[in-house]
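Residues per chain are reported as follows:
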Amino acid sequence: MVARGQVPYGELVTLALRPLSQPLRLSTVLAAPLAPRTWTSAIQVVLDWCIGLAAFTVSVTLVSTAGGLAVTIVLAIPVLFALFGFLRVLGKLERARYASLLDTPIADPYRPGEGSFWERVRSWVTQAAPWKELVYSLVLFPIATVGLSLVLVAWAGSLALVLLPAYVGALPDRTATVGWIEVHQGGGAWLVAAVGLVGLFVAPWITQGWGRLDVAFGRALLGRTHTEALEERVSELETTRSWAVEIAEAERRRIERDLHDGAQQRLVALAMDLGLAQEHLDDDPARARALVEHAHEEAKRAIAELRDLARGIHPVSLSDRGLPGAIPALAGRCPIPVDVHVAVAADERRPPTAIEGMAYFIVSECLANAVKHASATRASVRIEQRADRLVVDVTDDGIGGADPALGTGLHGLADRAASVDGTFTVDSPVGGPTLVHVELPCAS
């Protein structure tokens with residue numbers, strides 16, 4: 001049983017040693033001393049020691065000061081504020097360091113505070129994040145001391161052995177003691193140098209291995225726990241599910257409204273015209289003919305409206321030919337010229353139907369906005385399938401100034417994308433141009 005907020009020791013070791021379990025090639029071993037990962041890990045180890053020393057000094061000073069002033073709570077509170085403020089800054093800087101040096105992004109574990117100032121303070125202090133950062137500031141220095149010592153011994157010791165034939169003659173009695181072995185000039189010195197050369201190719205793996213342990217250590221104390229990550233994911237899924245339900249309900253109301261106000265009214269008028277034509281068929285054939293002709297026109301309009309409504313739900317061309325066939329057809333109906341580039345698989349790697357429909361709807365709405373609101377004279381649509389993401393870019397040369405935060409139709413498009421764990425961003429400076437960038441998951 002693992003307590004909440006802790007990372008199992010076995011998980012730490014697994015995270016750290018997983019890359020080392022991969023098979024090694026001779027070329028990889030020979031290139032290890034010059035590998036960028038080796039030197040970024042070495043820089044990380046050195047910075048660990050320097051930052052750890054400073055963090056340990058500041059944290060111990062503030063903790064001991066707050067403890068000494070505990071009898072006067074009024075004086076201890078500012079020191080505690082200074083301590084937690086220092087830990088917050090330290091955590092942000094350290095997460096940025098892991099991301100830049102070791103290419104390991106660590107999510108900020110703090111939950112956003114709500115309510116009054118004191119409620120936010122209480123929420124902040126009762127979280128696990130500041131206390132884990134306090135532990136990090138106290139244990140980083142001793143752990144970094146071990147790591148720095150290990151890395152320095154690996155590199156400096158190996159280099160000293162490699163250079164032994166060059167300086168062994170200058171030592172007392174021309175003898176070097178390596179452990180419990182005495183080495184003299186000649187073959188023994190060169191044999192030790194060969195061992196040191198091997199050590200120079202082992203030292204990078206010691207450095208990288210400690211860097212991976214450092215990553216596991218940083219994730220455990222500076223990031224979210226597995227439980228916190230799952231809770232956040234559940235919260236996101238609850239939000240997106242709510243959005244999906246609202247979108248489906250809004251779509252249902254739109255279809256009902258379009259049917260009631262459009263095709264249904266035309267079909268009612270069509271039935272009335274045919275009824276009147278039937279009454280006047282014998283006594284007034286001319287009027288009956290006019291009513292039939294009018295009913296015929298109404299029938300064609302109703303068919304057109306139903307076709308448009310069906311196209312808005314899920315066009316036939318999208319089902320038959322996918323996005324490569326449906327998007328050019330959609331662009332062809334746009335009043336302004338539209339450049340289209342669609343690079344999407346048409347075989348078994350084709351995106352799911354729901355994702356295709358969402359991408360089609362977003363492109364359709366963006367082109368409609370470009371014509372109605374942006375006064376654009378030209379637009380472009382670019383859709384690409386990259387690994388497990390469908391990337392959609394819609395650009396127009398209109399007046400710009402589009403902002404989803406204003407509660408416009410763009411906000412609804414953003415909600416649609418978020419309902420399937422997609423992203424929706426708009427870059428629309430005043431004066432244009434406007435770029436809508438959408439990424440949708442398309443893994444089956």
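All figures in this text were calculated on a predicted structure; none of them were measured in a lab. (Residues numbered from 1 in each chain as written. Predicted model: local features only at pLDDT ≥ 70, side-chain atom pairs only at ≥ 80, totals over all residues. Heavy atoms only, no water.)

Colleague: Sorry, what's going on with the environment of Gly 223 here?
Modeller: Along the chain, Gly 223 turns up in the loop between helix 8 (187-222) and helix 9 (226-279). Gly 223 sits 128 residues away from Arg 95 along the chain, and the two C-alpha atoms are 8.3 Å apart. (Helix = DSSP H or I, 4+ residues; strand = E, 2+ residues; numbered from the N terminus.)

Colleague: Looking at this model, I keep getting lost on the sheet that holds strand 3 (residues 338-343). Mind explaining?
Modeller: Two strands in a sheet stick together by hydrogen bonds in their backbones, pointing the same way (parallel) or opposite ways (antiparallel). Strands sit in the order 3-4-5-7-6 across an open sheet of five strands; the sheet is mixed. Looking at strand neighbours, the two that pair on one side only are strand 3 and strand 6 (423-427), the edges of this open sheet. In this sheet, adjacent strand axes meet at a mean angle of 10 degrees when their direction is disregarded. Sheet analysis places strand 3 next to strand 4 (residues 379-386), joined by six bridges and oriented parallel. Looking at the pairing, Asp 339 lines up with Ser 380 of strand 4. Running at roughly 10 degrees to strand 5 (residues 389-396), helix 12 (residues 353-372) makes contact with strand 3, strand 4, strand 5, strand 6 and strand 7 (434-441) of the sheet. Across the face of the sheet, helix 13 (residues 409-418) comes into contact with strand 6 and strand 7 while running at roughly 150 degrees to strand 6. (Pairing = 2+ DSSP bridges. Axes fitted to C-alpha atoms, helices over the stretch in contact; angles between N-to-C directions. Contact = heavy atoms within 4.5 Å.)

Colleague: Looking at this model, I keep getting lost on the packing of aromatic side chains. Mind explaining?
Modeller: Inspection of the entire model under this criterion finds five aromatic pairs. With a centroid separation of 6.0 Å and 35 degrees between ring planes, the pair formed by Phe 56 and Phe 141 is classed as tilted. Here Phe 141 lies in helix 6 (residues 128-162) and Phe 56 lies in helix 3 (residues 36-68), a separation of 85 residues in the sequence. Phe 56 gets classed as partly exposed once you look at its relative accessible area, which sits at 30%. Residue classification places Phe 141 among the partly exposed positions, given a relative accessible area of 21%. Centroid distance Phe 84 to Trp 131: 5.2 Å. Interplanar angle 85 degrees. Geometry classified as edge-to-face. (Phe/Tyr/Trp six-rings, centres within 6.5 Å; stacked < 30°, edge-to-face > 60°. Buried < 20%, exposed > 50% of the residue type's maximum accessible area, 1.4 Å probe, protein only.)

Interpretation in functional terms is not warranted from these geometric data alone.
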